[in-house]
Amino acid sequence: MDLDSYNIQYIKGVGEKRAKLFNKLGIFTLADLVRYYPRTYQDWSKTVTVLEAPTNVPVTIKATMITPVKESLIRKGLTLYKCNFTDGQNIIHVTLFNNKYLAKSLRTFDDYILYGKLEKNFTKASMSSPQIETSESAVGIHPIYSATENLNSRAIAKVMQAALATVPPFEDTLTDAIRRRYRLCTLDYAIRQIHFPESEEAVALARRRLIFEELLTLQLGLMKLKERKHTKNELVLTKDYSEDFFALLPFQPTNAQRRAVRDCLEDMMGDTAMNRLIQGDVGSGKTAVAAAVMYSAVRNGYQAAMMAPTEILATQHYESLRQLLEKAHIKVALLTGSTKAPEKRKIKEALMAGDIDLIVGTHALIQNDVEFKDLALVVTDEQHRFGVEQRASLAMKGNHPHLMVMSATPIPRTLGLIIYGDLSISVLDELPAGRQAIRTDVVDSGYHDRIYRFIKKAADEGRQAYIVCSLVDESETELISATEYFEQLSTQAFKGYRLGLLHGKMKAKDKDKVMADFAAGKVQILVATTVVEVGVDVPNATVMLIENAERFGLSQLHQLRGRVGRGKEKSYCILVSDSKSATAQERLQVMKHTGDGFKIADYDLKTRGPGDFFGKRQHGLPKLAIADMLEDMETLNECQQCAREMLADDPRLDKYPALCNQISDMFRKTDY
């Protein structure tokens, strides 16, 4: 029986019309149906009496119906059905709302199971709209499924029961040895028990097996993907020039920077092309690592390209690289959308002729008419701002060039291995010497006047500040939007000061103009939304005020805080929040007491889940049906180990055809 091709409409109790309702839930085949797991359960196996039952929590009571149903029309569209049951000692008054089908099916003096919340007072006990089943059919633990309009959980359960009754035993995807080693039940037991469990222990066993299998499938898929991206190294570097580069720097590189450069150059001197993520906290010196690797590529006779997400960031990288490398006689050029046409033509000709060694640019670099003589290295800044296609377009400009990706989003290492499963990872886990800690304070809005005076004092002394808020346009909430706040500050608290406004709805050239003015010191105070999270380096900015700080993820707050503290002056980050939530205040205190992005990311992951991190990757990850990246981290670690062992023993997974099919199914709809 081929579950993948068996149409849902042919299962008993479905049919063509109901099949469309199942389709809305993403269920098209029998395979889809059996993998549609319950979201929770109701345990009907443990009954209580009225006296034993707690109030306002769902309970199961075995009772006999003792009065016929009375029907009363309250108003148009609302009919009540009332009847009484007894558990042998006490009477239970039951009210049903608009449930004619159930009311008509009830028979006096028959035994039933009532499931719902019991309300009790001194004289009576009552239940409103309980679920009612005959005592014979209401045994055990009931699965509860995510439902849709006109297709409730109960209907799904009935169809699931009919389907599982006809399906032969499920062939196991794992060997006995793997199951024994990782304490896993069989696949057949897991699928049948996850839907209709005999006990709570059976649910736990089934969940462990299915979560393990799903995460193992994900890990194997990512590892195979990584292997597939290991193209032969056609551009082998023969010499490491990193020490020559370090001698050009006005500072000593950290051990982490040296280690990352060494990782990259070992890749580029090896058998397969480099495909590496340089992941480092704000200010950890990722650009210096990229510069060192590009320097070695150029000194080996090749060209290098660096792509940044905005013109202003590209310009900043260009200026710093040009100043650093021109003394080593390396020709650096800049290509962006606003480069004038005659200059563009000259740059493109020089690139093709090999007269430009290193080019920095924006999306302009991936235009069809941009060609290189000998491109060996592609560096992309802030990886999550680019789609896969854009990175691939630049990589196709050469003969399988080496790829380096830089990200300032600190991600816990285990999660990083999943999110960036197709890349090797180097982590910059130490800050350059002399970098000052940023003082962080958490206050409520009653401190605004003091904060404004503090910002004015900094501006009067020639320094600059950011004021970040979470909304752009007016909304029904009481939060002030960026545009409205900008107008208010310009005419009141900061009247006479030079303010700038930056938000995501502005045109790219207008954003660049504001940021350029801020970088040049023409704007003293920049009122912005989170678009400044990835921005230019403004060493003169020393104050960061973040309004309604509780609305941001901690990792995002840490990124924003990293906009200050880039110069020699002491810098400050002020988090304003009027939230009374203990959780929100605890999270903000974490920001106050630690400047370590990785510790913050770990805390954020534990308290908010991995959504923030996964959201950073445009091409996403396969959707998981039962596993949870946060809750099942321990199982994930086991699966990584298991996947490595399986691939070492059987690189093509010939022993696991069913698992190979699952990998294909999982990754089919994902943009890789």
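For the structure given in this document, a descriptive report is provided here. The structure displayed is predicted, hence computed values, not measured ones.

In terms of helices and strands, the protein chain carries 23 helices and 22 strands. Per-residue burial over the protein chain gives 52% buried out of 672 residues. Summarising the internal contacts of the protein chain: among those between residues at least 6 apart in sequence, 73% fall at separations of at least 24.

Here the structure, examined in full by the defined rule, presents 10 aromatic pairs. Residues Phe245 and Tyr295 carry aromatic rings whose centres are separated by 5.7 Å and whose planes lie at 50 degrees to one another, so their mutual orientation is tilted. Within this pair, whereas Phe245 is found in helix H8 (residues 242–248), its partner Tyr295 is found in helix H10 (residues 286–299), the two being separated by 50 residues in sequence. Take Phe245 and Tyr295: they sit in the same class, and that class is buried. A network of ring pairs unites the aromatic residues Phe245, Phe246 and Tyr295 as a single cluster.

It is worth spelling out the packing of helix H18 (residues 554–561) against helix H19 (residues 582–593) at this point. Put simply, H18 and H19 touch, their axes get as near as 11 Å, and they point 35 degrees apart. Relative to H19, the crossing made by H18 is right-handed. Residue-level contacts link Leu554, Leu557, His558 and Arg561 of H18 to Arg587, Leu588, Val590 and Met591 of H19.

Per the counting criterion, the structure on display carries 25 salt bridges. Between Glu645 and Arg181 there is a salt bridge whose closest N-O contact spans 2.7 Å. Of this pair, Glu645 sits in helix H22 (residues 633–649) while Arg181 sits in helix H5 (residues 176–181), and the two are 464 residues apart along the sequence. One connected set of salt bridges, linked through shared partners, spans Arg35, Asp172, Asp176, Arg179, Arg209 and Glu213.

The next thing to look at is the pairing of strand S17 (residues 439–443). Counted residue by residue, S17 has 4 buried out of 5 residues, so it is predominantly covered. Where S17 lies against strand S22 (residues 572–576), 5 bridges are found, and the strand directions are parallel. Across the sheet, the residue bridging to Arg439 is Tyr572, located in S22.

Below, the discussion takes up the sheet that holds strand S12 (residues 332–335). The strand order across the open sheet formed by 7 strands is S12-S13-S11-S14-S15-S10-S16, and the pairing between neighbours is parallel. The open sheet has two free edges, formed respectively by S12 and strand S16 (424–428), since each of these has just one partner strand. On average, each strand axis in the sheet is tilted by 20 degrees relative to the strand beside it, whichever way the strands run. Pairing geometry for strand S14 (residues 375–381) and strand S15 (residues 402–407), over 5 bridges, is parallel. Considered in S15, the bridge of Val379 is made with Met404. Set on the sheet, H10 makes contact with strand S10 (275–280), strand S11 (303–307), strand S13 (358–361), S14, S15 and S16; between it and S15 the angle comes to about 165 degrees. Of the strands in this sheet, S11, S12, S13 and S14 touch helix H11 (residues 311–325), which is tilted by about 170 degrees from S12.

This brings us to the state of the cysteines. Within this structure, the stated rule accounts for 0 disulfides. Distance from the sulfur of Cys642, which forms no disulfide, to the nearest cysteine sulfur (Cys639) is 6.7 Å. A relative accessible area of 1% means that Cys642 is categorised as buried.

Moving on: the sheet that holds S17. Strand order in the open sheet formed by 6 strands is S17-S22-S21-S18-S20-S19, with parallel pairing between adjacent strands. Strand pairing shows two members of the sheet lacking a second neighbour, S17 and strand S19 (499–502), which therefore form its edges. Direction aside, neighbouring strands of the sheet carry axes that sit 15 degrees apart on average. Taken together, the 4 bridges between S19 and strand S20 (residues 525–528) define a ladder with parallel strand orientation. The residue bridging Leu499 from the neighbouring strand is Ile525, located in S20. Taken strand by strand, helix H15 (residues 448–460) contacts S17, strand S18 (464–468), S20, strand S21 (541–546) and S22, and its axis lies near 160 degrees from that of S21. This element, helix H17 (residues 508–519), spans S18, S19, S20 and S21 of the sheet and lies at about 145 degrees to S19.

If you look at the biggest cluster of nonpolar residues, it comprises 61 residues, and the most contacted ones within it are Phe22, Leu33, Leu216, Leu220 and Met646. For this core, the elements supplying multiple residues, two or more each, are helix H1 (15–24), helix H2 (30–34), helix H4 (153–166), helix H6 (187–195), helix H7 (200–228), H22 and helix H23 (657–668). In contact with Met646, not counting residues within four places along its chain, are Ile178, Leu216, Leu220, Leu653, Tyr656 and Leu659. Within the second largest apolar cluster, 45 residues are counted, among which are Leu249, Leu313, Leu334 and Met404.

Relative to the assigned elements, Arg35 resides in the loop between H2 and strand S1 (40–43). By relative accessible area, which is 28% here, Arg35 ends up partly exposed. Residues Arg35 and Ile626, 591 residues apart in the sequence, show an inter-C-alpha distance of 9.0 Å. Residues in contact with Arg35, not counting those within four places in the same chain, are Leu187, Ile191, Leu210, Glu213, Ala625 and Gln662. Within the structure, the side chain of Arg35 is placed 3.2 Å from the side chain of Gln662, a separation counted as a polar contact.

Reading the values: the criteria
- Residues numbered from 1 in each chain as written.
- Predicted model: local features only at pLDDT ≥ 70, side-chain atom pairs only at ≥ 80, totals over all residues.
- Heavy atoms only, no water.
- Helix = DSSP H or I, 4+ residues; strand = E, 2+ residues; numbered from the N terminus.
- Buried < 20%, exposed > 50% of the residue type's maximum accessible area, 1.4 Å probe, protein only.
- Contact = heavy atoms within 4.5 Å.
- Phe/Tyr/Trp six-rings, centres within 6.5 Å; stacked < 30°, edge-to-face > 60°.
- Axes fitted to C-alpha atoms, helices over the stretch in contact; angles between N-to-C directions.
- Left-handed = near helix turned anticlockwise from the far one by under 90°.
- Salt bridge = Lys/Arg side-chain N within 4 Å of Asp/Glu carboxyl O.
- Pairing = 2+ DSSP bridges.
- Disulfide = S-S within 2.5 Å.
- Core = buried A, V, L, I, M, F, W, Y, C linked by side-chain atoms within 4.5 Å.
- Polar contact = N/O pair within 3.5 Å; in protein donor to acceptor, adjacent residues only side chain to side chain.

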